[in-house]
Amino acid sequence: MRITVVSWIVSVLALVGLVAWLGTGVLKFEHHTNMADAAIGGPFSLLDGNGNRVTDKDFRGRYMLIFFGFTHCPDICPTTLLLFNNALGNLGKKASQVAPIFITVDPERDTPKVVGPYVKHFGDRIIGLSGTPEEIAKTTAAYKVYVSKLENENSSLGYMMEHSGFIYLMGPDGKYIAHFPQSIPEQSLTEQIAAHIR
């Protein structure tokens, strides 16, 4: 009986130690995978609606509000672009310090001539960018954007693009500041942007 009790105590202590050790590891993992600590963003070189080469350096001195999507998106992308435009409208004079940017994840269909006119349906200030598949892949990788092409033979579109839906706020130096879910309320997005503008 005594041996059983001692074994039980030893087992409990070992379990407590294991949990403590795992807890330390989990805390470290969460810290290192925090979006603010991760390398989000970086140089990009893409094409605007007029076919002009645009890089991240062209926006130095302004905040970049970036969303990745595609023009054949039935709901999330259009509503996010409307959210962009409305939030900028709420910012008043501060809006001039923000460059709202839409980057396609579907360069096969979203050529510069497609993306340019598309974004203007949601606001004159929004900048639509496209590029070669390689350029888009490099940019989505830099921003840690999940992208997957979903074939659908039963659809007239042929395929859809599945992608993560974060809105990124980058600083005047091009570095990551914050990210927001595309479902963020308009007023909240406005307040968040305004709070970061100096």
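Parameters and conventions
- Residues numbered from 1 in each chain as written.
- Predicted model: local features only at pLDDT ≥ 70, side-chain atom pairs only at ≥ 80, totals over all residues.
- Heavy atoms only, no water.
- Pairing = 2+ DSSP bridges.
- Helix = DSSP H or I, 4+ residues; strand = E, 2+ residues; numbered from the N terminus.
- Axes fitted to C-alpha atoms, helices over the stretch in contact; angles between N-to-C directions.
- Expected span 1.5 Å × (residues − 1).
- Buried < 20%, exposed > 50% of the residue type's maximum accessible area, 1.4 Å probe, protein only.
- Contact = heavy atoms within 4.5 Å.
- Salt bridge = Lys/Arg side-chain N within 4 Å of Asp/Glu carboxyl O.
- Core = buried A, V, L, I, M, F, W, Y, C linked by side-chain atoms within 4.5 Å.
- Phe/Tyr/Trp six-rings, centres within 6.5 Å; stacked < 30°, edge-to-face > 60°.

Enquirer: What is the right way to read the sheet that holds strand S9 (residues 176-181) from this model?
Expert: Sheets are built from strands paired through backbone hydrogen bonds, the pairs being either parallel or antiparallel. Overall, mixed pairing links the five strands, which are arranged S5-S4-S3-S8-S9 in an open sheet. If you trace the sheet from one side to the other, it starts and ends with strand S5 (127-129) and S9, each paired once. Each neighbouring strand pair of the sheet contributes to a mean axis angle of 25°, computed without reference to strand direction. Two elements, strand S3 (residues 63-69) and strand S4 (residues 98-104), share seven bridges in a ladder whose sense is parallel. Each residue of the ladder has a partner; that of Ile66, found in S4, is Ile101.

Enquirer: What exactly am I supposed to notice about helix H2 (residues 76-91) here?
Expert: Because an α-helix completes one turn every 3.6 residues, residues spaced three or four positions apart along the sequence face the same direction. In a regular helix each residue adds 1.5 Å, so 16 residues correspond to 22 Å; H2 covers 22 Å between its end C-alpha atoms and thus fits that length. Taken together, the buried positions of H2 are Cys77, Pro78, Thr80, Leu81, Leu83, Phe84, Ala87, Leu88 and Leu91. Tucked into the core, H2 has its buried residues touching S3, S4, helix H3 (112-120), strand S7 (159-163), strand S8 (166-170) and helix H5 (186-196). In the stretch just after H2, Gly92 is the one whose phi turns positive, near 65°.

Enquirer: Looking at this model, I keep getting lost on the side chain of Thr140. Mind explaining?
Expert: Tracing the backbone through its elements, the reader meets Thr140 in helix H4 (residues 133-142). Contacts of Thr140, omitting those with residues within four sequence positions, involve Phe68, Val105, Val145 and Val147.

Enquirer: What's the story with the pattern of salt bridges in this structure? I'm lost.
Expert: Note on pairing: side chains with opposite charge can pair once their charged atoms come close. One pass over the full model with this rule turns up five salt bridges. The partner of Asp106 in a salt bridge is Arg109, with the nearest N and O atoms 2.7 Å apart. Where Lys149 meets Glu151, a salt bridge forms, and the shortest distance between an N and an O atom there is 3.9 Å. Look at the salt bridges and you will find they share partners, linking Glu108, Lys149 and Glu151 into a network.

Enquirer: So what exactly am I meant to see when it comes to the nonpolar core here?
Expert: In a soluble, globular protein the nonpolar side chains are often hidden away together inside. Ranked by internal contacts, the top residues of the largest apolar core, which has 50 residues, are Ile66, Phe102, Tyr143, Ile167 and Tyr168. Counting residues per element, this core draws most heavily on H2, which supplies seven residues. The residues touching Ile66, leaving out its near neighbours within four places in the chain, are Phe84, Ile101, Ile103, Tyr143, Phe166, Ile167, Tyr168 and Met170.

Enquirer: Please explain the packing of aromatic side chains as it appears in this structure.
Expert: A full pass over the atoms with the stated rule returns six aromatic pairs. The interplanar angle of 65° and the centroid separation of 5.2 Å between the aromatic rings of Tyr118 and Phe122 together place this pair among those described as edge-to-face. Each of the two residues, Tyr118 as well as Phe122, counts as buried. Here Tyr143 and Tyr168 contribute two aromatic rings whose centre-to-centre distance is 5.5 Å and whose plane-to-plane angle is 65°, an arrangement assigned as edge-to-face. Residue Tyr143 is located in the loop between H4 and strand S6 (147-151), and its partner Tyr168 is located in strand S8; the two are separated by 25 residues in the primary sequence. The two residues Tyr143 and Tyr168 agree in class, both being buried. The rings of Phe68, Tyr143, Phe166 and Tyr168 are connected pair by pair, giving a single aromatic cluster.

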